[in-house]
Amino acid sequence: MPKMKSHTGMGKRVRLTGKGKVVAEQAGKRHLLEKKSSTRTRRLTGTVELAKADVKRVKKLLGR
């Protein structure tokens with residue numbers, strides 16, 4: 001049986017921390033920024049830990 005390939009697109013979107021947590025950029029800061037307040041866009045900067053519901057699926061795509 002062939003080896004599983006990791007999903008390269010997912011690899012570009014998320015990072016695994018040393019303890020195995022999945023970290024990604026926050027959504028909602030790509031477009032339509034004019035109508036969003038500065039406070040809101042500032043809050044969306046940086047990385048956040050992924051929701052528990054998504055972690056299992058993401059780790060499977062990464063081959064972990």
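Per chain, residue numbering runs from 1 following the sequence as it is written. Local features are withheld for residues below a pLDDT of 70 in this predicted model, meaning they are given only at 70 or higher, and side-chain atom pairs are given and counted only at 80 or more; totals for whole chains, interfaces and linings count all residues. Side-chain metrics rest on all non-hydrogen atoms present in the structure, leaving aside hydrogens and water.

Caption draft 1: Broad picture of the nonpolar core. In terms of nonpolar packing, the biggest core is built from 7 residues, these being Met10, Val14, Val22, Ala24, Leu50, Val58 and Leu62. Only DSSP runs of H or I with at least four residues qualify as helices, and only runs of E with at least two residues qualify as strands; both kinds are numbered from the N terminus onward. Put simply, the parts of the chain that give this core at least two residues each are strand 2 (22-25) and helix 3 (52-62). The contact definition used throughout considers only heavy atoms, calling two residues in contact when any of these lie within 4.5 Å. Setting aside chain neighbours within four positions, we find leucine 62 in contact with Ser6, Met10, Gly11, Val14 and Leu16. In these notes, a set of buried Ala, Val, Leu, Ile, Met, Phe, Trp, Tyr and Cys residues joined through side-chain atoms within 4.5 Å is what counts as a nonpolar core. Think of it in three bands: residues with accessible area under 20% of the maximum for their type are buried, residues over 50% are exposed, and the middle band is partly exposed, with areas taken using a 1.4 Å probe on protein chains only.

Caption draft 2: Layout of the sheet that holds strand 3 (residues 47-49). Two strands make a pair as long as DSSP finds a minimum of two bridges between them. Strands sit in the order 1-2-3 across an open sheet of 3 strands; the sheet is antiparallel. Since the sheet does not close on itself, it has two edges, and those belong to strand 1 (14-16) and strand 3, each with one partner. With strand direction ignored, the average angle separating the axes of adjacent strands in the sheet is 35°. Where strand 1 meets strand 2, 3 bridges bridge the pair, whose relative direction is antiparallel. Pairing of arginine 15 across the sheet is with valine 23, part of strand 2. Axis lines are fitted through C-alpha atoms, for helices just across the contact stretch, and the angle between N-to-C directions can take any value from 0 to 180 degrees. Where helix 3 meets the sheet, its contacts fall on strand 1 and strand 2, and the angle it forms with strand 1 comes to roughly 85°.

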